[in-house]
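Structural overview for review
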Amino acid sequence: PTPLALSGAPPVVTIKANNTMMCGCPITPGGIWDANKIEVKTLLKKNGQQIGVLPMHYAGIPSQFLGIWDIQNPGVYEATVYAYDAATGNTGLDSVTFFAMQ
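Reference entry: report on the structure contained in this document. What you are looking at is a predicted structure, and each value in this text was computed from that prediction instead of being measured.

Criteria and cut-off values
Residues numbered from 1 in each chain as written. Predicted model: local features only at pLDDT ≥ 70, side-chain atom pairs only at ≥ 80, totals over all residues. Heavy atoms only, no water. Core = buried A, V, L, I, M, F, W, Y, C linked by side-chain atoms within 4.5 Å. Buried < 20%, exposed > 50% of the residue type's maximum accessible area, 1.4 Å probe, protein only. Helix = DSSP H or I, 4+ residues; strand = E, 2+ residues; numbered from the N terminus. Contact = heavy atoms within 4.5 Å. Pairing = 2+ DSSP bridges. Polar contact = N/O pair within 3.5 Å; in protein donor to acceptor, adjacent residues only side chain to side chain.

A word on the nonpolar core
- Within the largest apolar cluster, 20 residues are counted, with the highest numbers of intra-cluster contacts made by Ile15, Val40, Met56, Trp69 and Ile71.
- Element by element, the count of residues in this core is highest for strand S9 (residues 75–85), at 4 residues.
- In this structure, methionine 56 is in contact with Ile15, Lys16, Ala17, Val40, Lys41, Thr42, Phe65, Leu66, Gly67 and Val81, ignoring residues within four places of it in sequence.

Quick look at unusual backbone geometry
- In the Ramachandran plot, asparagine 47 falls in the positive-phi region, its phi being about 50 degrees despite a non-glycine side chain.
- Here asparagine 47 is to be found in the loop between strand S5 (38–46) and strand S6 (49–55).
- The phi torsion at serine 63 lies on the positive side, around 70 degrees, for a residue other than glycine.
- With respect to the helices and strands, the residue serine 63 is situated in the loop between strand S7 (57–58) and strand S8 (64–70).
- Relative accessible area serves as the criterion here: at 4%, serine 63 is assigned to the buried category.

Concerning the pairing of S9
- Along S9, 8 of the 11 residues are buried, which leaves the element largely enclosed by surrounding structure.
- Sheet topology places S5 next to S9; 9 bridges connect them, and they run antiparallel. Within the sheet, the bridge partner assigned to leucine 43 lies in S9 and is threonine 80.
- In terms of strand pairing, S9 meets strand S10 (residues 91–101) through 10 bridges, oriented antiparallel. When the sheet's bridge partners are listed, tyrosine 82 is paired in S10 with leucine 93.
- The antiparallel pairing of S9 with S10 creates a hairpin that spans 5 residues between the two strands, and glycine 89 there sits at a positive phi of about 85 degrees.

Comments concerning the side chain of threonine 80
- Inspection of the secondary structure assignment puts threonine 80 in strand S9.
- A polar atom in the side chain of threonine 80 sits 3.4 Å from the side chain of glutamate 78.
- Among all residues touching threonine 80, those that are not within four sequence positions of it are Lys41, Thr42, Leu43, Leu93, Asp94 and Ser95.

In structure tokens, the structure reads:
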């Protein structure tokens, strides 16, 4: 787990994901592995309860995606990032846990 202090304004959390194919090929808009055709989202939980889905977008660097989220309250959070290509069925998944405190 990673601590995150909530003091003053709610912090903005940037979730970044490096998504690569097993072949090492880059994912880019319009490329062989087209970033525009791959669904990348983050499933968000707080204290074990689903609280939302954060769409992620191509970050301007091959194979990099990001999403920005404001944390409003303290708690234990889990962010599960997935990438899915409907045309091929290629799928990837990873998660991180962090806690926000006053």
